Amino acid sequence: MQKQQWMALVGALALSLNATAWAGERTVNLKVDGMSCAMCAPAARKALEKVNGVKSAKVESDRAMVVADDKVQDVDLVKAIVGAGFSATVVH
Ligand SMILES: [Cu+2]
């Protein structure tokens, strides 16, 4: 490999690493239904926090606020809530 090609490769690698480091975060707000007692909110929060790529989740009354990687899809969050026994809709 010639030096110039090598430098181009290193440059491309550095760019892709940089892109990873800058991978965006997004906040998703959900309305959670079916939470009927004081234990429900922490259960919903734990379910959300278990989703791969979720950085933090907060649940207050019937609302959940999730901070997650760009690659986390709304449906992943809804599925987690459903898995915990509730239902959820994304609030835009
Ligand atoms: Cu409950």
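Bear in mind the structure is a predicted one, so any value in this text is a computation, not a measurement.

Asker: Whenever I open this one, the environment of valine 78 confuses me. Can you help?
Answerer: Looking at the element boundaries, valine 78 is found in helix 3 (residues 74-83). A residue is classified by how many C-beta atoms lie within 10 Å of it, and valine 78, with 18 of them, is partly exposed. C-alpha separation for the pair valine 78 and alanine 88, spaced ten residues apart in sequence, amounts to 5.6 Å.

Asker: I would appreciate a short explanation of unusual backbone geometry in the present structure.
Answerer: Note: most peptide bonds trans; most residues except glycine with negative phi. Positive phi, close to 45°, is recorded for serine 61, a residue that is not glycine. Of note, serine 61 is situated in the loop between strand 2 (54-60) and strand 3 (63-69).

Asker: How should the pairing of strand 1 (residues 25-33) be read in this particular structure?
Answerer: Taken together, the seven bridges between strand 1 and strand 3 define a ladder with antiparallel strand orientation. Bridge pairing in strand 3 links valine 28 to valine 66. When strand 1 meets strand 4 (residues 87-91), the two strands line up antiparallel, connected through five bridges. Following the sheet pairing, valine 32 is matched in strand 4 by alanine 88.

Asker: Just checking my understanding: could you explain the packing of helix 2 (residues 40-49) against helix 3 for this structure?
Answerer: Relative orientation and spacing of two packed helices are given, respectively, by the angle between their axes and the distance between those axes. The contact between helix 2 and helix 3 brings their axes to 9 Å, and the two run at 135°. When the axes of helix 2 and helix 3 are compared, the pair comes out oblique. When you trace helix 2 past helix 3, the crossing you get is right-handed. Contact with helix 2, carried on its side by Ala44, Ala47 and Leu48, involves Leu77, Ala80, Ile81 and Gly83 of helix 3 and no other residues of that element. Across the contact of helix 2 with helix 3, the residue classes break down as six nonpolar, one polar and no charged.

Asker: What is the right way to look at the sheet that holds strand 3 in this model?
Answerer: Across a sheet, strands are paired by hydrogen bonds formed along the backbone, either parallel or antiparallel in direction. Spatial strand order, 2-3-1-4: four strands in an open sheet with antiparallel pairing. Both edges of this open sheet fall to strand 2 and strand 4, since each of them pairs with a single strand only. Across this sheet, the average inter-strand angle for adjacent strands is 25°, counted without regard to direction. Pairing analysis gives six bridges linking strand 2 to strand 3, with the strands arranged antiparallel. Note on strand 3: the bridge partner recorded for alanine 57 is valine 66. Of the strands in this sheet, strand 1, strand 2 and strand 3 touch helix 2, which is tilted by about 165° from strand 2.

Asker: What is the right way to read the nonpolar core from this model?
Answerer: Burial of nonpolar side chains together is a common tendency in soluble globular proteins. In this structure, Val32, Ala44 and Ile81 are the most contacted members of the largest nonpolar core, which totals 18 residues. For this core, the secondary structure elements donating two or more residues are strand 1, helix 2, strand 2, strand 3 and helix 3. In contact with valine 32, other than residues within four places in its own chain, are Ala44, Val59, Asp62, Ala64, Ile81, Phe86 and Ala88.

Cut-offs applied
Residues numbered from 1 in each chain as written. Predicted model: local features only at pLDDT ≥ 70, side-chain atom pairs only at ≥ 80, totals over all residues. Helix = DSSP H or I, 4+ residues; strand = E, 2+ residues; numbered from the N terminus. Buried ≥ 20, exposed ≤ 12 C-beta atoms within 10 Å, placed from the backbone. Pairing = 2+ DSSP bridges. Axes fitted to C-alpha atoms, helices over the stretch in contact; angles between N-to-C directions. Parallel < 35°, antiparallel > 145°, perpendicular 65-115°, else oblique. Left-handed = near helix turned anticlockwise from the far one by under 90°. Contact = placed C-beta atoms within 7 Å. Nonpolar A, V, L, I, M, F, W, Y, C, P; charged D, E, K, R; others polar. Core = buried A, V, L, I, M, F, W, Y, C linked by C-beta atoms within 7 Å.

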